[in-house]
Amino acid sequence: MKNNIISWIAQLIVVFILGQTLFFKFTDAPEVAEMFAKLGMGPFGYKLIGSLELVACILLLIPSSTIWGAILSWGLMSGAIMGHISKIGFEGNAGAMAGMAIAAWLLSCLIIFFRRNQASFIANMFGTKSSNEMQS
Amino acid sequence: MASSLHIDLHKISKFVNLSIPALFVVFLSAGHFVSFYFHFFTVAFLFMVIANFFYMTVQKEHVILKNFGLMGQARYIIESIGPEMRQYLFASDTEERPFNREERSEVYRKAKNIDSASSFGSQQNFDPSEIKIRHTMFPTPKEALQPFKITYGEERGLEFAYTITRPIMISAMSYGALGTNAVRSLARGAKLANIPMNTGEGGYPEYHLMEDCDLIFQIGTAKFGVRTDDGLLDDTKLAEIASKPQIRMIEIKFSQGAKPGKGGLLPKEKITDEIAKLRGIKKGADVVSPPYHPECDTVEKTVAFIKRVQNVSGLPTGFKICLGKVSEFEVLVEEMKRQDVYPDFITVDGAEGGTGAAPKAFLDGVGLPLLVGLASIQDCLKRHGIRNKMKLNASGKLISPRAQLVAFALGADAIYSARGFMLSLGCIQALQCGNNTCPIGITTHDPELQKGLVIESRAPRIANYVHNIEHDLEELLRATGCKSFSELTEENLYIPSDTVLGNYRLNSPEVQAAAS
């Protein structure tokens, strides 16, 4: 029950972090274009990322698919962090973006852990007994 | 013997476990030096590296994952789709349990009113150890057949004696085990086919009553629907239910073939407002179904209890039993004679009977199979000269006309089937009855799953099944040269000695008495 509430708060924060950039990505905002240009990605690239972030947000808000949304946002944020480390850096605005990416990444990990029983291959990682009686 | 095509899964898993981090590094470099798009793969492999680390070092529950890592998941994934794959692709037509594809498709054809003639030869394993029906050289002409008609309660001259005119009835399935649509489809089909339906022990039969078919009210050991607060029989409630015009008979459940000698427990989580109301129980506490009726702890009290239910209800009243010890039944019969109280019918259930949920040990291992149980009870009643005091119903995997005719020949007056009717509804034998996840919406209360079960389209299938079963039974009956089912005897069967029944016959008291 307590974990459920914590997980929901985390889900909403991740959805907020991912969601607030979508508008800029889909409207070709110059800051976004400039930042993704450093990664060698054009409008196709950031719109693809934006679409995947939108999917992650939707999955995070549907109770039965939360874990899939969390895995997707974990992956996207891992990519974002790698981008910051390797190409974009942490100067000024980019630093704030990187901070939010790291926060979303950590919260995604938390959600994956709390919702581990939704997917048996995640539940197996923690040794939780899954409902599949065939597993040894 | 080592063959050149030998696949060493251990080596493969080691290779995979090394490749995953290696590929992670490869894609990481490609993402950095070639194109950032490669990082989509980097992230995927990072995920696998982490998962593999957890599988092989952190978790302690799953041996396969600990030893072989991610590759071990392949086993689980492939294994999890095994039942479906086997049913769709690999299982032969005659090897599934409890009903193989051939048996199921016979019911489907009957329910859909499709001709069930098959070509070229029997699919059954035609070994000499099968019970077969002996035909005559002079089959009964169609017009000489006597119409089927038996009257429950005629022995006692009851005012509310109940006559059935078709040989099969829908066996006990409660609301609770079945969902709303399934109950109503069955009830509407029963009404169409003019056969009675047993309510099961699920309490007040609200949904059964909606379709206005004839009902046999079953009293389980927890007395759902007719119980006092401490789980004993409430006479007023029983009288009230029995006074409904649709309720035609009462069946006291002593035991059930799927789990004889076993009680049950209705967990408090499953007790919804509706279930509490229909079953007459309180919310918030588990309800125990004892393994036997608390009123019936001795033979005397058992017979007295039958008498009490007969008197309170005023309806034909019998009991359902899966035979365990023949000697025990013999004592019961002697007590019936002593008190001059006879049930109006006995339903003999075989250990092969089905259920929504029972411990596997009971499902597989307890109780006499139907044919032996039925023959034992028939013999016992005859030996005591009281066979004419009551009717015998047979139940337990009797979904095909052949099995049903064998039961008639062993002494049954009418046939009960539950799973035959579930298959008619469209059951695909997904074996999910106890999980609330029945894909056909029969044994579930999930409205999403029930919506596919449209009552209007299902009810006629029930009637078709009854009609076609009756047709086949009559054809078989004519082949034996008998004019009615009551004329059938074991003389009409070929019972090899190496069948369960044949073996029983060789050792039965009658044969031994004749030999000595």
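Residues numbered from 1 in each chain as written. Chains lettered and ligands numbered in written order. Predicted model: local features only at pLDDT ≥ 70, side-chain atom pairs only at ≥ 80, totals over all residues. Heavy atoms only, no water.

Caption draft 1: The overall build of chain A, seen in detail. Across its full length, chain A carries six helices and zero strands. Going from the N terminus to the C terminus, chain A shows its helices and strands as α-α-α-α-α-α. When contacts within chain A are restricted to residue pairs at least 6 apart in sequence, long-range pairs at least 24 apart make up 64% of them. With the model as given, the accessible surface of chain A reaches about 6,800 Å², and the carbon-plus-sulfur share is 72%. Taken together, the 8 basic and 6 acidic charged side chains of chain A have centroids lying 12 Å from each other. (Helix = DSSP H or I, 4+ residues; strand = E, 2+ residues; numbered from the N terminus. Contact = heavy atoms within 4.5 Å. Areas by Shrake-Rupley, 256 points an atom, 1.4 Å probe, with all protein chains shown as cover. Lys, Arg positive; Asp, Glu negative; His and termini not counted. Charge placed at Lys NZ, Arg CZ, Asp CG, Glu CD.)

Caption draft 2: Spotlight on the domain arrangement of chain B. Domains assigned within chain B are domain 1 (9-80) and domain 2 (132-515). Each of domain 1 of chain B and domain 2 of chain B has a C-alpha centre, and the two are 56 Å apart. (Domains from an automatic or database assignment.)

Caption draft 3: Region of the structure containing the pattern of salt bridges. Residue and element names in this part refer to chain B. The full count for this structure, using the stated rule, is 32 salt bridges over all chains. One salt bridge connects D93 with R101, and the closest N-O pair in it is separated by 2.9 Å. On the accessibility criterion, D93 (37% relative accessible area) is partly exposed. Given the relative accessible area of 25%, R101 is considered partly exposed. For the salt bridge of E448 with K451, the shortest nitrogen-to-oxygen distance reads 3.4 Å. Overlapping salt bridges, with partners in common, bring together R184, R188, E211 and E456 in one network. (Salt bridge = Lys/Arg side-chain N within 4 Å of Asp/Glu carboxyl O. Buried < 20%, exposed > 50% of the residue type's maximum accessible area, 1.4 Å probe, protein only.)

Caption draft 4: The arrangement of the interface of chain A and chain B in detail. Each partner contributes to the interface: chain A provides 28 residues, whereas chain B provides 26 residues. Between chain A and chain B, the buried area comes to about 2,400 Å², and carbon and sulfur atoms account for 71% of it. Our count for the contact surface shared by chain A and chain B stands at five residue pairs in polar contact (both at pLDDT 80 or more). Ranked by the residues each element gives to the side of chain A that touches chain B, the list is headed by helix 4 (residues 66-88) of chain A, at nine residues. Grouping the constituent residues of the side of chain A that touches chain B by class yields 14 nonpolar, 12 polar and two charged. (Buried area = accessible area lost by both parts, 1.4 Å probe. Polar contact = N/O pair within 3.5 Å; in protein donor to acceptor, adjacent residues only side chain to side chain. Nonpolar A, V, L, I, M, F, W, Y, C, P; charged D, E, K, R; others polar.)

Caption draft 5: Quick peek at helix 3 (residues 43-61) of chain A. The end-to-end C-alpha distance of helix 3 of chain A is 27 Å, a good match for the 27 Å that 19 residues give at a rise of 1.5 Å each. Taken residue by residue, helix 3 of chain A has A:G45, A:Y46, A:I49, A:G50, A:E53, A:A56, A:C57 and A:L60 as its buried positions. Taken end-on, helix 3 of chain A shows its buried residues confined to a sector of 125°, consistent with a single buried face. On the buried face of helix 3 of chain A, the contacting elements are helix 1 (2-26), helix 2 (30-38), helix 4 and helix 5 (93-114) of chain A together with helix 2 (39-58) of chain B. (Expected span 1.5 Å × (residues − 1). Arc of directions from axis to C-beta.)

Caption draft 6: View of the packing of helix 1 (residues 9-33) of chain B against helix 2 of chain B. Residue and element names in this part refer to chain B. Put simply, helix 1 and helix 2 touch, their axes get as near as 8 Å, and they point 150° apart. Classified by the angle their axes make, helix 1 and helix 2 are roughly antiparallel. Crossing angle aside, the handedness with which helix 1 passes helix 2 is left-handed. The residues of helix 2 that touch helix 1, namely those facing N17, I20, P21, L23, F24, F27, L28, G31 and H32, are H39, F41, T42, F45, L46, M48, V49, N52 and M56. (Axes fitted to C-alpha atoms, helices over the stretch in contact; angles between N-to-C directions. Parallel < 35°, antiparallel > 145°, perpendicular 65-115°, else oblique. Left-handed = near helix turned anticlockwise from the far one by under 90°.)

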